[in-house]
Amino acid sequence: GYTVTGIVVPHIVIQPLALKNPGYGTQELQIAAITVGGPAALMVRKESPLKSLDDFVKFARKNPGELTVGGVETYSGSDLALAQVVAPADIEVKYVPITGGAEPVLSSLFGGHVDSAMISTPHAVQNSDRVRTLAVGGEERFKGLEDIPTFKEEGYDVTVSYAWGVAFPPGVPKEIVGRFGEATLTAMRESGAVEQVTQEGLLPLTMGPEEAEQYVQKQIPVYRELLPVLQRFSG
């Protein structure tokens, strides 16, 4: 009889910081577990003439506002990661927010409705036969995408990384939250899910309630500092 929801960081951090009435506060969420993560990745179709992040930047510089980049909604990891490229490169691109998560973004990319997409590494790994990944976030190259440079290698400090988990609304007893989190992590360990998500281009995180809460709280000041970059980009 309990209500539980899937959550994504940084979305649950950025939206309450940026929007006047997002409908929830980050601190209201009782996080039971954070299970997987992955850095941001910029990708184009295989047949795209853009072969590298440098090509992407040069094209945008020569053709201001013409290059379209699909992403998940607004005030999400997609537009924030893109802003961390656009601002220092001093280029103009058109961000296209797409509703429904990463899959509709990929459909828009495959269908030629957008020139590129800023989503997360699992989609780059799982669709390597259809997309060319130009760069990924993180401090070091990503497993499964070892040939792809990081944004930092290319001179851009893209710090956005995604993390997925489950949370309860306020008022649910902490005992229930803890039991649910423990059961979720146990299921991951015992079902072989850790190995599976690794193969799919995700990082297993396996955080219980306390660790997940600490992780999210640490993200709040980080994304508060990045918010002006995103707001300048989004206008």
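Before going into details, it helps to say that this report is about the structure given with it.

Rules and cut-offs
Residues numbered from 1 in each chain as written. Predicted model: local features only at pLDDT ≥ 70, side-chain atom pairs only at ≥ 80, totals over all residues. Heavy atoms only, no water. Helix = DSSP H or I, 4+ residues; strand = E, 2+ residues; numbered from the N terminus. Rg over C-alpha atoms; globule rule 2.2 N^0.38 Å. Buried < 20%, exposed > 50% of the residue type's maximum accessible area, 1.4 Å probe, protein only. Contact = heavy atoms within 4.5 Å. Areas by Shrake-Rupley, 256 points an atom, 1.4 Å probe, with all protein chains shown as cover. Expected span 1.5 Å × (residues − 1). Arc of directions from axis to C-beta. Core = buried A, V, L, I, M, F, W, Y, C linked by side-chain atoms within 4.5 Å. Salt bridge = Lys/Arg side-chain N within 4 Å of Asp/Glu carboxyl O. Phe/Tyr/Trp six-rings, centres within 6.5 Å; stacked < 30°, edge-to-face > 60°. 1 Å grid on protein atoms, 1.4 Å probe; cavity = no way out; pocket = protein on both sides within 12 Å on 5 of 7 lines; lining within 4 Å. Points joined across faces, edges and corners; volume = space filled by probe spheres on them. Nonpolar A, V, L, I, M, F, W, Y, C, P; charged D, E, K, R; others polar.

1. Brief notes about the overall build of the protein
Assigned secondary structure in the protein consists of eight helices and eight strands. Here the protein has a C-alpha radius of gyration of 18 Å; the compact-globule value for 235 residues is 18 Å, and the two agree. Counting only C-alpha atoms, the protein reaches 55 × 40 × 30 Å along its principal axes. Out of the 235 residues in the protein, the part that is buried amounts to 51%. Pairs at least 24 apart in sequence give 76% of the contacts found in the protein among residues at least 6 apart. A total accessible area of about 11,400 Å² is found for the protein, and carbon and sulfur atoms account for 50% of it.

2. Concerning helix α6 (residues 174–191)
For α6, built from 18 residues, the straight-helix expectation of 26 Å at 1.5 Å per residue is met to within 8% by its first-to-last C-alpha distance of 25 Å. Taken as a whole, α6 has its buried residues at I176, V177, G181, T184, L185 and M188. On an axial view of α6, the arc spanned by its buried residues comes to 160°, and they lie on one face. Turned more than 90 degrees away from the buried face of α6, the exposed residues are E175, R179, E182, R189, E190 and S191.

3. What to know about the nonpolar core
Judged by nonpolar contacts, the single largest core of 52 residues is most densely connected at I31, F56, L82, V93, M118 and F151. If one sorts the elements of this core by residue count, helix α8 (residues 209–234) sits on top with 10 residues. If we ignore the near neighbours within four places in the chain, the residues touching F56 are L42, L50, L67, V69, L82, I91, V93, S116 and L134. Core analysis: the second largest hydrophobic core is formed by 18 residues, V72, I98, L106 and I148 among them.

4. Things to note about the environment of A18
Turning to its location among the elements, A18 is positioned in helix α1 (residues 11–18). The exposure class of A18 is buried, given its relative accessible area of 18%. If near-sequence neighbours (up to four positions away) are discounted, A18 is found in contact with Y75 and L227.

5. Describing the pattern of salt bridges
By the definition in use, this model includes five salt bridges. Where R141 meets E153, a salt bridge forms, and the shortest distance between an N and an O atom there is 2.9 Å. You can see R141 sitting in the loop between β6 (131–136) and β7 (161–168) and its partner E153 sitting in the loop between β6 and β7, a full 12 residues away along the chain. The exposure class of E153 is partly exposed, given its relative accessible area of 45%. Salt-bridge contacts for D157 lead to K152; the nearest nitrogen and oxygen are separated by 3.3 Å. Three or more residues are tied together by salt bridges with common partners; here these are E139, K152 and D157.

6. Details of the packing of aromatic side chains
In the structure shown here, the tally under the stated rule is three aromatic pairs. Between F168 and F180, the ring centres sit 5.2 Å apart and the planes meet at 90°, which makes this aromatic pair edge-to-face. Of the two residues, F168 sits in strand β7 while F180 sits in helix α6, which places them 12 residues apart along the sequence. Owing to a relative accessible area of 3%, F168 belongs among the buried residues under this scheme.

7. Some remarks on the layout of surface pockets
When its volume is computed, the largest pocket comes out at roughly 390 Å³. Lining the largest pocket are 19 residues, and of these P39, G137, G138, E139 and S161 sit closest to its centre. Of all the elements, α8 adds the most residues to the lining of the largest pocket, at five residues. Looking at the lining of the largest pocket residue by residue, the classes come out as nine nonpolar, five polar and five charged. The space that makes up the second largest pocket amounts to roughly 200 Å³. Taken together, Q27, L29, Q30, I31, K174, V177, G178, P209, E210 and E213 form the lining of the second largest pocket. Listing elements by their share of the lining of the second largest pocket, those giving two or more residues are β2 (30–45), α6 and α8.

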